[in-house]
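Each chain, written out:
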Amino acid sequence: MKTNCCTSAENKRVAMIVLPFHKHERVDGSMETTRNDFRWANQRVLEHVRCSVGILVDRGFGGTTHVSASEVSSSIIVLFFRECDDREALANGARMAEHPGISLTVLRFLMEPKPAEEIAGIDSIEKLDTGNCSKDDEYLAEFQQKINTESSMKYEVRMVRNAAQTIATIREFSRSDLFVVGRKPEGEVAETLDVKSDFPELGAVGNLLGSSDFSTTASMGGTVPHDAHSTAPNTGGENFQ
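Residues numbered from 1 in each chain as written. Predicted model: local features only at pLDDT ≥ 70, side-chain atom pairs only at ≥ 80, totals over all residues. Heavy atoms only, no water.

**Considering the overall build of the protein chain**
Argument step 1. Per the secondary structure count, the protein chain includes eight helices and nine strands.
Argument step 2. Taking all 241 residues of the protein chain together, 44% fall into the buried category.
Argument step 3. Relative to all contacts within the protein chain whose residues are 6 or more apart in sequence, the contacts with residues 24 or more apart total 79%.
Argument step 4. For the protein chain, the computed accessible surface area is about 12700 Å², with 49% contributed by carbon and sulfur atoms. (Helix = DSSP H or I, 4+ residues; strand = E, 2+ residues; numbered from the N terminus. Buried < 20%, exposed > 50% of the residue type's maximum accessible area, 1.4 Å probe, protein only. Contact = heavy atoms within 4.5 Å. Areas by Shrake-Rupley, 256 points an atom, 1.4 Å probe, with all protein chains shown as cover.)

What follows is the structure, encoded as structure tokens:
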């Protein structure tokens with residue numbers, strides 16, 4: 001499977017491939033392993049493929065019956081913390097939202113500012129983050145220009161103090177159809193999410209959304225940019241064109 005996926009992706013010069021997660025949801029909402037060989041194959045593909053990869057944790061996305069393209073109606077949530085993995089997730093979400101039957105909400109998480117007396121001694125840390133944040137700001141500004149002409153897209157900023165507030169915010173959208181997340185989000189908010197990563201291929205946020213403990217009807221697509229596992233040039237990239 002690994003060889004076929006990688007060879008086919010390279011021959012077709014695809015920007016992204018989507019792989020199935022090796023667990024599926026049971027009737028009681030818990031996740032069970034149905035194809036452990038999928039996990040082995042996914043790990044090999046991540047190591048060798050020369051394009052971006054999405055891993056789909058399917059909780060019934062799209063339903064069990066065929067729906068024509070004109071009748072598609074889905075809501076997608078992109079969780080944006082910081083850095084290139086999240087920018088790639090946003091780009092993929094925006095592409096999906098070009099379908100008239102799909103609505104997109106982008107949630108940007110920022111740490112709520114602390115009182116002045118508490119942050120007086122951490123100016124150096126903030127300066128280290130400036131370059132990364134400015135790139136995110138530029139990218140999000142480009143996205144906000146796009147949504148000015150797209151009524152199906154929304155952008156929200158959520159200020160949080162800790163992991164509990166972050167998870168509570170995500171739960172507000174648990175009845176959506178699909179979460180799109182980056183595998184390695186960075187920044188203060190992401191660092192507070194002390195989630196046990198049983199499946200590194202999903203990352204911390206993906207492990208949270210894909211666990212049996214997180215009650216949701218939404219499926220989850222974890223995005224791994226090609227730069228994270230390959231130095232080869234990509235045919236896609238972080239843009240909205």
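**Let's talk about the packing of aromatic side chains**
Argument step 1. Here the structure, examined in full by the defined rule, presents two aromatic pairs.
Argument step 2. A centroid spacing of 5.4 Å and a plane angle of 85 degrees characterise the contact between Phe-21 and Phe-199, whose relative ring orientation is edge-to-face. One end of the pair, Phe-21, is in the loop between strand S1 (16–20) and strand S2 (23–25); the other, Phe-199, is in the loop between helix H7 (188–192) and helix H8 (203–209), with 178 residues separating them in the sequence.
Argument step 3. Pairing Phe-81 with Phe-109 gives two aromatic rings, centres 4.9 Å apart and planes at 10 degrees, and the pair type is stacked. Of this pair, Phe-81 sits in the loop between strand S5 (74–80) and helix H3 (84–96) while Phe-109 sits in strand S6 (residues 102–111), and the two are 28 residues apart along the sequence. (Phe/Tyr/Trp six-rings, centres within 6.5 Å; stacked < 30°, edge-to-face > 60°.)

**Some thoughts on the nonpolar core**
Argument step 1. With 37 residues, the main nonpolar core has Leu-79, Phe-179 and Leu-209 as its most contacted residues.
Argument step 2. Ignoring anything within four residues of it in the chain, the contact list for Leu-79 reads Asp-86, Leu-107, Phe-109, Ile-170, Phe-179, Val-180, Val-181, Val-205 and Leu-209. (Core = buried A, V, L, I, M, F, W, Y, C linked by side-chain atoms within 4.5 Å.)

**Here's the deal with the sheet that holds strand S8 (residues 178–182)**
Argument step 1. With mixed pairing, the seven strands of this open sheet are ordered in space as S1-S4-S9-S8-S5-S6-S7. Edge positions in the open sheet fall to S1 and strand S7 (153–160), since each of these has one partner strand only. Neighbour-to-neighbour, the strand axes of the sheet open up by a mean angle of 25 degrees, direction not taken into account.
Argument step 2. In this sheet, strand S4 (residues 52–57) lies alongside S1 in parallel orientation, the contact comprising five bridges. When the bridges of S4 are listed, Leu-19 appears paired with Ile-55.
Argument step 3. Running over the sheet, helix H2 (residues 36–48) touches S1, S4 and strand S9 (219–224) and is turned about 160 degrees from S1.
Argument step 4. Across the sheet, helix H6 (residues 163–171) lies against S5, S6, S7 and S8, angled at about 155 degrees from S7, the strand it touches most. (Pairing = 2+ DSSP bridges. Axes fitted to C-alpha atoms, helices over the stretch in contact; angles between N-to-C directions.)

**A look at the pattern of salt bridges**
Argument step 1. The final tally for this structure, using the stated rule, is 10 salt bridges.
Argument step 2. For Arg-87, the salt bridge goes to Asp-136, with nearest N and O atoms at 2.6 Å. On the criterion of sequence distance, the pair formed by Arg-87 in helix H3 and Asp-136 in helix H5 (residues 123–147) is long-range, its members being 49 residues apart.
Argument step 3. Given a relative accessible area of 0%, Asp-136 falls into the buried group.
Argument step 4. Each of the salt bridges in this network shares a partner with another, and the network as a whole consists of Glu-156, Arg-158 and Glu-172. (Salt bridge = Lys/Arg side-chain N within 4 Å of Asp/Glu carboxyl O.)

**What to know about the side chain of Ser-74**
Argument step 1. For Ser-74, the position within the fold is in strand S5.
Argument step 2. Assessed through its relative accessible area of 16%, Ser-74 is described here as buried.
Argument step 3. Setting aside chain neighbours within four positions, we find Ser-74 in contact with Phe-61, Gly-101, Ile-102, Ser-103 and Asp-177.

Function cannot be inferred from these measures alone, as they are strictly geometric.
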